[in-house]
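What follows is the residue order along each chain.
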Amino acid sequence: MIKNTFYNLPEEKRQRITDAIFNEFAGSSGERVSINNIIKNANISRGSFYQYFDDKVDLVEVMTRSFINFSLKKATEVISRTHGDIFVTYDLLFEILCECSKDAKQSIIMKNLIKNIKANDSLVSEYFINRFKGVAELVSVTNNFDRSNLKYTSDEDVKCLSQILTQVLKNAVFNVFVIGKPFDEVHREYHRKLEIIKTGAIAD
């Protein structure tokens, strides 16, 4: 678990450590991440490192927390822009998340993180299985969707719809960052899937 001493650090030092963690993951799979490299690049002592973190799994949380905060911020902005339309929101979220692919370092980090999750990397899996606490925050976004044009409007139904759309979104992002498929091609496929979910597969 990340310790409060890390969050209580001055912004400049906390960002320096965070950048060192991101840079290390950009060049390594989760299991080959070197604490020594992070300590050296962040210009901190080994003792200080363990004042902030318990183990390598905490480093995955630093990155994941960054992406969650980014996603929540963007999701809230998009929901406001789309007046809560869940399908337009997910369409725009894909475009926003894929903006990271235009930045070489961000693209590599995202690629490594997603690849490690898909490949069941033990370090990343340990975090998501036993320590990940971000689901409640992500699900809370569903409370802001407009339900007036939905067939199913209960909290549980909207949550289920959001989970389905999130899975489709994750697969599309994986295709861009890990598989390396062209953005326009993946976007067309993704948009088509959203349309099928929106209109339903059963003829009237």
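Refer to the structure presented above.
Attention here is on the structure that accompanies the text. What you see is a predicted model; the values in this text were computed from it and never measured.

Reading the values: the criteria
- Residues numbered from 1 in each chain as written.
- Predicted model: local features only at pLDDT ≥ 70, side-chain atom pairs only at ≥ 80, totals over all residues.
- Heavy atoms only, no water.
- Helix = DSSP H or I, 4+ residues; strand = E, 2+ residues; numbered from the N terminus.
- Buried < 20%, exposed > 50% of the residue type's maximum accessible area, 1.4 Å probe, protein only.
- Contact = heavy atoms within 4.5 Å.
- Areas by Shrake-Rupley, 256 points an atom, 1.4 Å probe, with all protein chains shown as cover.
- 1 Å grid on protein atoms, 1.4 Å probe; cavity = no way out; pocket = protein on both sides within 12 Å on 5 of 7 lines; lining within 4 Å.
- Points joined across faces, edges and corners; volume = space filled by probe spheres on them.
- Nonpolar A, V, L, I, M, F, W, Y, C, P; charged D, E, K, R; others polar.
- Core = buried A, V, L, I, M, F, W, Y, C linked by side-chain atoms within 4.5 Å.
- Phe/Tyr/Trp six-rings, centres within 6.5 Å; stacked < 30°, edge-to-face > 60°.
- Polar contact = N/O pair within 3.5 Å; in protein donor to acceptor, adjacent residues only side chain to side chain.
- Axes fitted to C-alpha atoms, helices over the stretch in contact; angles between N-to-C directions.
- Parallel < 35°, antiparallel > 145°, perpendicular 65-115°, else oblique.
- Left-handed = near helix turned anticlockwise from the far one by under 90°.

1. Description of the overall build of the chain
Point 1. Helix and strand content of the chain: eleven helices and zero strands.
Point 2. Starting at the N terminus and walking to the C terminus, you meet the elements of the chain as α-α-α-α-α-α-α-α-α-α-α.
Point 3. Considering the chain as a whole, with its 204 residues, one finds that 45% of them fall into the buried category.
Point 4. Nonlocal contacts in the chain, meaning residues at least 24 apart in sequence, comprise 70% of its contacts between residues at least 6 apart.
Point 5. When the accessible surface of the chain is split by element, carbon and sulfur atoms take 51% of a total near 11,400 Å².

2. Describing the layout of surface pockets
Point 1. Of the voids in this model, the second largest pocket is the one considered here, and its volume is about 400 Å³.
Point 2. Those elements giving two or more residues to the lining of the second largest pocket turn out to be α10 (155-179) and α11 (183-199).
Point 3. For the lining of the second largest pocket, a count of residues per class yields six nonpolar, three polar and four charged.

3. Points about the nonpolar core
Point 1. Judged by nonpolar contacts, the single largest core of 28 residues is most densely connected at Ile86, Tyr90, Phe94, Leu165, Leu169 and Tyr190.
Point 2. If you tally residues by element for this core, the top one is α10, at eleven residues.
Point 3. Excluding anything up to four places from it in sequence, Leu169 contacts Tyr90, Leu93, Phe94, Leu97 and Tyr190.
Point 4. Among the nonpolar cores identified, the runner-up in size contains 22 residues, and Ala20, Ile21, Ile38 and Phe67 belong to it.

4. Some thoughts on empty space enclosed by the protein
Point 1. This structure, assessed with the given rule, holds one cavity of 30 Å³ or more.
Point 2. Taken as a whole, the largest cavity spans an internal volume of roughly 50 Å³.
Point 3. Around the largest cavity, the lining residues are Val168, Asn171, Ala172, Asn175, Val186, Glu189, Tyr190 and Lys193.
Point 4. Counting only elements with at least two residues in the lining of the largest cavity, the list comes to α10 and α11.

5. Observations regarding the packing of aromatic side chains
To describe a pair of aromatic rings, one takes the distance between the centres and the angle between the planes.
Point 1. By the definition in use, this model includes nine aromatic pairs.
Point 2. Seen in terms of ring centroids, Phe6 and Tyr52 are 6.3 Å apart; in terms of plane orientation they differ by 55°. Their pairing is tilted. Taken together, the residues span a long stretch of sequence, with Phe6 in helix α1 (residues 4-7) and Tyr52 in helix α4 (residues 46-52) at a distance of 46 residues.
Point 3. The exposure class of Tyr52 is buried, given its relative accessible area of 4%.
Point 4. Among the aromatic side chains, those forming a connected cluster through ring pairs are Phe6, Tyr7, Phe49, Tyr50, Tyr52 and Phe53.

6. Remarks on the side chain of Glu24
Point 1. Inspection of the secondary structure assignment puts Glu24 in helix α2 (residues 11-27).
Point 2. At 2.9 Å, the side chain of Glu24 forms a polar contact with the backbone nitrogen of Ser34.
Point 3. Among residues more than four places away in sequence, those in contact with Glu24 are Arg32, Val33, Ser34, Asn37 and Ile38.

7. Remarks on unusual backbone geometry
Point 1. In this model, Asn43 sits at a positive phi of 60°, which is unusual for a non-glycine residue.
Point 2. Inspection of the secondary structure assignment puts Asn43 in the loop between α3 (35-42) and α4.

8. Structural notes on the environment of Glu189
Point 1. For Glu189, the location among the structural elements is in helix α11.
Point 2. Remark: the alpha-carbon pair of Glu189 and Ala172, spanning 17 residues in sequence, is separated by 8.3 Å.

9. A word on the packing of helix α6 (residues 86-97) against α10
Point 1. Axis separation between α6 and α10 bottoms out at 10 Å; the angle between their running directions is 25°. Taken together, the axes of α6 and α10 are roughly parallel relative to one another. Between α6 and α10 the crossing geometry is right-handed. For the pair α6 and α10, the contacting residues are Ile86, Phe87, Tyr90, Leu93, Phe94 and Leu97 in the first and Leu161, Ser162, Leu165, Thr166, Leu169, Ala172, Val173, Val176 and Phe177 in the second.
Point 2. Per-class residue counts for the contact of α6 with α10 are 13 nonpolar, two polar and no charged.

None of the figures reported here should be taken as evidence of function without further support.
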